[in-house]
Amino acid sequence: MTASANSWSPFALTWATWHLVRVTTREPRIHSLTPGIRLGRRLLARELPTDVDHVVDLTAEFREVVHARSYTSLPILDGGIPDPHELRSAIDAVPRDGVTFIHCAQGPGRTALFAACLLIDREGVDADTALGRVLAARPGARVRASQRSFVSGFAAQRPG
């Protein structure tokens, strides 16, 4: 096998796994967190609702084809946490009006982390409240202990 074939294999497996989960899951692909914030898994271009103005892509495994007016990319590995400065930049890039769709590959961990931090930043809620609201909106979300700790640390850093 050549070096390029070796580097492609993990991405091919990831892509195939994503498609398999996408077609077999019973969970809705999109959940509403607030009237202007929706959460979900990575969508096919034809699945993106036409009223979405902004997409926040947290997926590190895939290249996004964007069909929204604006787009923010914050690549985070599955189960990982972002760089705090990059997270701040991504949150600042999310418009305060219109509809924003936040996603990672399947939508459970990275999406929940980002959405919780966005709620903390925009609404001034604490970490437990933010995570509780995200988990209530997207019941299939699963936040790892390291991600919960990150959200708590983000909330602790919020002024006021």
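This structure is a prediction, so every number in the text was calculated from the model and none was measured.

(A) Representation of helix 2 (residues 84–93). Taken together, the buried positions of helix 2 are Leu87, Ala90 and Ile91. All buried residues of helix 2 lie within an arc of 100° about the axis, which places them on one face of the element. For helix 2, exposure combined with an orientation more than 90 degrees from the buried face picks out His85 and Asp92. Of the surrounding secondary structure, the elements contacted by the buried residues of helix 2 are strand 4 (70–76), helix 3 (110–123) and helix 5 (145–157). With a side-chain oxygen positioned 2.9 Å from the backbone nitrogen of histidine 85, the residue opening helix 2 is aspartate 83.

(B) Quick peek at the packing of helix 4 (residues 127–137) against helix 5. Direction vectors running N to C along helix 4 and helix 5 enclose 130°, while the axes themselves pass 9 Å from each other. As summarised for this structure, helix 4 and helix 5 are arranged oblique, according to the angle between their axes. On the side of helix 4, the interface is formed by Ala127, Leu131 and Leu135, while helix 5 contributes Arg148, Val151, Ser152 and Ala155. Taken together, the residues of the contact of helix 4 with helix 5 sort by class into five nonpolar, one polar and one charged.

(C) Focus on the confidence of the model for the chain. Confidence in the prediction for the chain averages 84 pLDDT; 78% of positions are at 70 or higher. Ignoring residues within four places in sequence, the model shows residues 1–5, a span with pLDDT below 50, making one contact including any to other chains.

(D) Summary view of the pattern of salt bridges. Within the structure shown, the criterion is met by seven salt bridges. With a shortest N-O distance of 3.1 Å, arginine 41 and glutamate 47 are connected by a salt bridge. With respect to burial, arginine 41 and glutamate 47 carry one shared label: buried. Here arginine 133 makes a salt bridge to glutamate 123, at a shortest N to O gap of 2.4 Å. Separated by 10 residues along the polypeptide, arginine 133 in helix 4 and glutamate 123 in helix 3 bring together distant segments of the chain. Given a relative accessible area of 28%, arginine 133 falls into the partly exposed group. Connected through shared salt-bridge partners, Arg88, Asp92, Asp121 and Arg122 make up one network.

(E) Representation of helix 3 within the structure. Between its terminal C-alpha atoms helix 3 stretches 20 Å, which fits the 20 Å expected from 14 residues at 1.5 Å a residue. Here helix 3 lies mainly inside the structure; 12 of its 14 residues are buried. Taken residue by residue, helix 3 has Arg110, Thr111, Ala112, Leu113, Phe114, Ala115, Ala116, Cys117, Leu118, Leu119, Ile120 and Asp121 as its buried positions.

What counts, and where the lines are drawn
- In every chain, residue numbers begin from 1 and rise along the written sequence.
- At least 70 in pLDDT is required for a residue's local features to be given in this predicted model, at least 80 for side-chain atom pairs to be given and counted, and no such filter applies to totals for whole chains, interfaces and linings, which use all residues.
- As a rule here, side-chain values come from all non-hydrogen atoms in the structure, and water together with hydrogens is ignored.
- Think of it in three bands: residues with accessible area under 20% of the maximum for their type are buried, residues over 50% are exposed, and the middle band is partly exposed, with areas taken using a 1.4 Å probe on protein chains only.
- Every helix listed is a DSSP run of H or I at least four residues long, and every strand listed is a run of E at least two residues long, numbered separately from the N terminus.
- What the arc covers is the set of directions going from the helix axis to the C-beta atoms.
- Contacts: residue pairs with any heavy atoms within 4.5 Å of one another.
- Any pair of N or O atoms that falls within 3.5 Å is considered a polar contact. Within protein, one atom must be able to donate a hydrogen and the other to accept it, and sequence-neighbouring residues count only if both atoms are side-chain atoms.
- Every axis in this analysis is a line fitted to C-alpha atoms, fitted for helices over the stretch in contact. Angles between the N-to-C directions lie between 0 and 180 degrees.
- An angle below 35 degrees is read as roughly parallel, one above 145 as roughly antiparallel, one from 65 to 115 as roughly perpendicular, and any other as oblique.
- Following the grouping adopted for this structure description, the nonpolar residues are Ala, Val, Leu, Ile, Met, Phe, Trp, Tyr, Cys and Pro, the charged ones are Asp, Glu, Lys and Arg, and the polar ones are all others, Gly among them.
- As a per-residue measure, pLDDT tells how confident the predictor is, with possible values from 0 to 100.
- A carboxyl oxygen of Asp or Glu within 4 Å of a side-chain nitrogen of Lys or Arg is what we treat as a salt bridge.
- A helix is expected to span 1.5 Å for every residue after the first.

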